[in-house]
Amino acid sequence: MSASLKPLTLGEFLDWERSQPERYEFDGVQPIAMTGGTAAHAFIQRNLAISIGGRLRGQACKFVGNDLKIEVAGSIRYPMASSCAPNCPRRAGLLMTRW
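Rules used in this analysis
Residues numbered from 1 in each chain as written. Predicted model: local features only at pLDDT ≥ 70, side-chain atom pairs only at ≥ 80, totals over all residues. Heavy atoms only, no water. Helix = DSSP H or I, 4+ residues; strand = E, 2+ residues; numbered from the N terminus. Buried < 20%, exposed > 50% of the residue type's maximum accessible area, 1.4 Å probe, protein only. Contact = heavy atoms within 4.5 Å. Areas by Shrake-Rupley, 256 points an atom, 1.4 Å probe, with all protein chains shown as cover. Polar contact = N/O pair within 3.5 Å; in protein donor to acceptor, adjacent residues only side chain to side chain. Phe/Tyr/Trp six-rings, centres within 6.5 Å; stacked < 30°, edge-to-face > 60°.

Student: Where do I start with the overall build of the chain in this structure?
Tutor: The number of helices and strands found in the chain is two helices and eight strands. Listing the helices and strands of the chain from first to last along the sequence gives α-β-β-α-β-β-β-β-β-β. Relative to its full complement of 99 residues, the chain shows a buried share of 28%. Pairs at least 24 residues apart make up 43% of the contacts formed inside the chain by residues separated by at least 6 positions. Per element, the accessible surface of the chain, about 6,600 Å² overall, is 58% carbon and sulfur.

Following this line, the structure appears as structure tokens:
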């Protein structure tokens, strides 16, 4: 996205993102293109899933990998790992935080 374009709102970004073939994060102003993953990142995420997921087994909280975008303070991120409680508000692949 060109720096000369007007800043986007979160809603405008989410609407725009739906038509994009690639994945983008949103810094609160503009889209940021995501790079492809690496083997090292895949191994780290696997280790996190095993370690954190095992500790959460039987709990209400669940381990979530980087396929779920998270809204934090008006930005959109795809964290490598997070945990999600059942009462977190959600909509179509988006976990909205209260932070």
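Next comes the rest of the write-up.
Student: Help me understand the environment of Ser 19 in this model?
Tutor: Note that Ser 19 resides in the loop between α1 (10-17) and β1 (24-26). Within the structure, Ser 19 has its side chain in polar contact with the backbone oxygen of Trp 16 (distance 3.0 Å). Reaching out from Ser 19, the side chain makes a polar contact with the side chain of Gln 20 at a distance of 3.1 Å.

Student: What is the right way to look at the packing of aromatic side chains in this model?
Tutor: Here a ring pair, both rings aromatic, is described through the centre-centre distance and the interplanar angle of the planes. This structure, assessed with the given rule, holds three aromatic pairs. Here the aromatic rings of Phe 13 and Trp 16 are separated by 6.1 Å at their centres, their planes lie at 40 degrees, and the arrangement is tilted. Note that Phe 13 and Trp 16 are positioned in helix α1 at a spacing of three residues, about one turn of the helix. You can call Phe 13 buried: its relative accessible area is 0%. Given a relative accessible area of 27%, Trp 16 falls into the partly exposed group. Between the aromatic rings of Phe 13 and Phe 26, the centroid separation amounts to 4.7 Å while the plane-to-plane angle is 15 degrees, which identifies the pairing as stacked. Linking Phe 13 in helix α1 with Phe 26 in strand β1, this pair joins segments that are 13 residues apart in sequence. A relative accessible area of 0% means that Phe 26 is categorised as buried.

Student: Mind showing me how you'd approach unusual backbone geometry here?
Tutor: One can expect most non-glycine residues to show negative phi and most peptide bonds to be in trans. One non-glycine residue, Ala 73, adopts positive backbone phi at about 50 degrees. Turning to its location among the elements, Ala 73 is positioned in the loop between β4 (69-72) and β5 (75-77). Overall, Ala 73 belongs to the exposed group, its relative accessible area being 70%.

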